[in-house]
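Secondary and tertiary structure notes
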Amino acid sequence: MKLALSDLDFAGKRVLVRVDFNVPLNDHGQVADDTRVRAALPTLRTLLDAGATPVLMSHLGRPKGEPDPAYSLQAVGAHLDELLTGIRVIFCTSTVGAEAEACVAGARDGSIVLLENTRFLAGEKKNDSALAAQLAKLGDEYVNDAFGSAHRAHASTTGVAEAMEAKGGHAAMGLLLAKEVEFLSEALAEPGRPFVGIIGGAKVSDKIGVIEALVEKVDTLLIGGAMAYTFLRAQGHTTGTSLVEEDWVDRAKALLDAHGDTLLIPTDHVIADGFSNDAAHETVMGNIPDGWMGLDIGPKTVQRYEGVLAEAKTVIWNGPMGVFEMSNYAAGTLAVAKALAQATNRRGALTVVGGGDSVAAISQANLDDDVSHVSTGGGAMLELLEGKTLPGIAALTEKV
């Protein structure tokens, strides 16, 4: 078991906190969705109440290992300042070095320091030990609260934890990270049954690992999204112009042959003659004709999936059922979201939703508070479901 916040005394200490502020910005450079920022607030308030000065670090976007104004965290710092009424948030234009050290040293008790984007530094993604040591200089203790980055062995997630311990400090789990691990571990360790997995999204290749892992654990695995058409091809159906990963058809067929009773594939499809909400569209059973593409699961599949979810006691969902951003192809995804909410509220099922598109869909349906847990980390969630060890968690201090 890893150290928790309650295991340490933070009074009077600078606490280096890895948060996940990788949030979308609008055309004006302002935070467009602050879900991840708000998710970090309980940890930050706990540290402030304990007398600590939190020093935050995060990445944003995909800069090329050098400063890029388009990916600055300054706007995120301003938004955080608005959320934390009465708490001063100091934005530092550097991440390490003399300027960053001066920002941290000059911060008054009860304030928060936000460092500039960690991915402005070439050594971040390489988990450079020298960079990790520079980061560790900025705090007395280290807390990882960035589940969304826990599957990356970067300087700010893994190297800094080791560097902090080397100088006599500790590396602990933040409240959000602990909550994520608790929900996912509970769902996998002793799930209430029936245990149902829902996997959607574009590519089988992106999620084959989690499909192969979950199909051995769940009672039923529901497949949706564009990846369904690779499975459909494996069943011998025509798929028109739908997205199909030809190199993965044989792997999909092997899964169907081995787990046909567990793995459910859509039987009808909402198809269109173009990738547009304005395209001609209709519903078909089985084969998808030439010139048409599948963009959502059909109503009979929705009814079948709803029936499975109506009996579920544990549900894990990652990936939409269709192109839910377009209203004509959103019915399948929204139906799944509502079915999860009903399972949670009416029958007390444990329901966990993760992955950017699934989270966006549950939010679009205003059902965020009607499921047990909305995960902030899609990739990390998938790797944990596969049974992989997440480097950002493995590096933390073991509780003795």
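As shown above, the structure is provided for reference.
Here goes a summary of the coordinates provided. Values in this document were obtained by computation on a predicted structure and should not be read as measured data.

Moving on, we get to a positive patch on the surface. Together, Arg62, Lys64, Lys125 and Arg152 line one region of the surface with positive charge. One can find Lys125 in the loop between strand S4 (112–114) and helix H4 (129–136).

Backbone-to-backbone hydrogen bonds pair the strands of a sheet. The strands run either parallel or antiparallel. If you trace the 6 strands from one edge of the open sheet to the other, you get S3-S4-S2-S1-S5-S6, paired in parallel fashion. Looking at strand neighbours, the two that pair on one side only are strand S3 (89–91) and strand S6 (171–173), the edges of this open sheet. Each strand of the sheet is rotated relative to its neighbour by a mean of 25°, with strand direction disregarded. Here strand S5 (residues 141–144) pairs with S6 via 3 bridges, running parallel.

As a further point, take helix H11 (residues 331–347). Helix length check: H11 (17 residues) gives 23 Å between terminal C-alpha atoms against 24 Å at 1.5 Å per residue, within 8%. Among the residues of H11, Gly332, Thr333, Ala335, Val336, Ala337, Ala339, Leu340, Ala341, Ala343 and Thr344 are the ones counted as buried.

So, about the sheet that holds strand S11 (residues 281–285). With antiparallel pairing, 3 strands are arranged side by side in an open sheet as S11-S10-S12. Every other strand in the sheet has two partners, leaving S11 and strand S12 (293–297) as the edge strands with one partner each. The sheet shows a mean angle of 40° between the axes of neighbouring strands, direction not considered. Inspection of the sheet shows strand S10 (residues 268–272) paired to S11 by 5 bridges, in the antiparallel sense. Following the sheet pairing, Asp268 is matched in S11 by Met285. With respect to the sheet, helix H10 (residues 299–309) is in contact with S10, S11 and S12, its orientation differing from that of S12 by roughly 35°.

Turning to the environment of Glu99, a few remarks are in order. Mapped onto the elements, Glu99 comes out in helix H3 (residues 98–106). The exposure class assigned to Glu99 is partly exposed, which follows from its relative accessible area of 38%. Here the alpha-carbon distance between Glu99 and Ile198, two residues 99 residues apart in the chain, equals 47 Å. With sequence-adjacent residues up to four places away left out, Glu99 is seen in contact with Cys92, Thr93 and Ser94.

Time to look at the side chain of Glu116. Relative to the helices and strands, Glu116 is located in the loop between S4 and H4. Nearest to the buried, unbridged Glu116 among oppositely charged side chains is Arg18, at 12 Å. Separated by 2.9 Å, the side chain of Glu116 and the backbone nitrogen of Leu73 make a polar contact. Setting aside residues no more than four positions away along its own chain, Glu116 makes contact with Ser58, Tyr71, Ser72, Leu73, Phe91, Cys92, Thr93, Ser94 and Thr95.

Here the focus is the nonpolar core. Core analysis: the biggest nonpolar cluster contains 73 residues, and Leu16, Ile211, Ile223, Phe231 and Leu263 have the highest contact counts within it. In this view, Leu16 contacts Val55, Met57, Leu115, Leu135, Ala136, Leu138, Gly139, Glu141, Tyr142, Val143, Val160 and Met164; residues no more than four positions away in its chain are not counted. Counting residues in hydrophobic clusters, the runner-up holds 30 residues, among them Val15, Leu44, Leu83 and Leu84.

Every regular strand shows the same layout, with side chains that alternate between the two sheet faces. Side chains of strand S8 (residues 220–223) alternate between two faces, with Thr220 and Leu222 and Leu221 and Ile223 buried alike. When strand S7 (residues 195–199) meets S8, the two strands line up parallel, connected through 4 bridges. Bridging from a neighbouring strand, Ile198 pairs with Leu222 of S8. Taken together, S7, helix H7 (residues 204–214) and S8 form a β-α-β motif whose crossover is right-handed. Of the pairings in the sheet, the one linking S8 to strand S9 (residues 263–264) comprises 2 bridges and is parallel in character. Within S9, the position partnered with Leu222 by the bridge is Leu264.

To continue, consider the pattern of salt bridges. Per the counting criterion, the structure on display carries 12 salt bridges. Across the pair Lys399 and Asp7 runs a salt bridge whose closest N-O atoms are separated by 3.3 Å. Here Asp7 lies in the segment before strand S1 (14–18) and Lys399 lies in the segment after helix H14 (391–394), a separation of 392 residues in the sequence. The partly exposed category is assigned to Asp7, whose relative accessible area is 34%. Here Glu141 and Lys13 are joined by a salt bridge, their closest N and O atoms 3.1 Å apart. Placement of the pair is Glu141 in strand S5 and Lys13 in the segment before S1, with a sequence separation of 128 residues. On the accessibility criterion, Lys13 (25% relative accessible area) is partly exposed.

The next thing to look at is the environment of Gly377. Note on placement: Gly377 falls in the loop between strand S15 (373–374) and helix H13 (378–385). In sequence terms Gly377 and Ser149 are 228 residues apart; their C-alpha atoms lie 7.3 Å from each other. Residues in contact with Gly377, not counting those within four places in the same chain, are Phe147, Gly148 and Glu180.

Moving on to the environment of Asn117. By secondary structure assignment, the location of Asn117 is in the loop between S4 and H4. Residues Asn117 and Gly224, 107 residues apart in the sequence, show an inter-C-alpha distance of 35 Å. Asn117 has contacts with Ser58, His59, Leu60, Pro63, Tyr71, Leu73 and Thr95, leaving out every residue within four places of it along the chain.

To describe two helices that pack against each other, one gives the angle between their axes and the distance between the axes. For the pair H10 and H11, interaxial distance at closest approach is 10 Å and the crossing angle is 20°. Taken together, the axes of H10 and H11 are roughly parallel relative to one another. Where H10 crosses over H11, the two elements pack in a sense that is right-handed. Within the contact between the two elements, H10 uses Val302, Glu306 and Leu309 and H11 uses Gly332, Ala335, Val336, Ala339, Leu340, Ala343 and Arg347.

What counts and what doesn't
- Residues numbered from 1 in each chain as written.
- Predicted model: local features only at pLDDT ≥ 70, side-chain atom pairs only at ≥ 80, totals over all residues.
- Heavy atoms only, no water.
- Patch = residues over 30% accessible without salt bridge, like charges linked within 9 Å, V, L, I, M, F, W, Y side chains within 5 Å.
- Areas by Shrake-Rupley, 256 points an atom, 1.4 Å probe, with all protein chains shown as cover.
- Salt bridge = Lys/Arg side-chain N within 4 Å of Asp/Glu carboxyl O.
- Lys, Arg positive; Asp, Glu negative; His and termini not counted.
- Charge placed at Lys NZ, Arg CZ, Asp CG, Glu CD.
- Helix = DSSP H or I, 4+ residues; strand = E, 2+ residues; numbered from the N terminus.
- Pairing = 2+ DSSP bridges.
- Axes fitted to C-alpha atoms, helices over the stretch in contact; angles between N-to-C directions.
- Expected span 1.5 Å × (residues − 1).
- Buried < 20%, exposed > 50% of the residue type's maximum accessible area, 1.4 Å probe, protein only.
- Contact = heavy atoms within 4.5 Å.
- Polar contact = N/O pair within 3.5 Å; in protein donor to acceptor, adjacent residues only side chain to side chain.
- Core = buried A, V, L, I, M, F, W, Y, C linked by side-chain atoms within 4.5 Å.
- Right-handed = clockwise from strand over helix to strand, strands pointing away.
- Parallel < 35°, antiparallel > 145°, perpendicular 65-115°, else oblique.
- Left-handed = near helix turned anticlockwise from the far one by under 90°.

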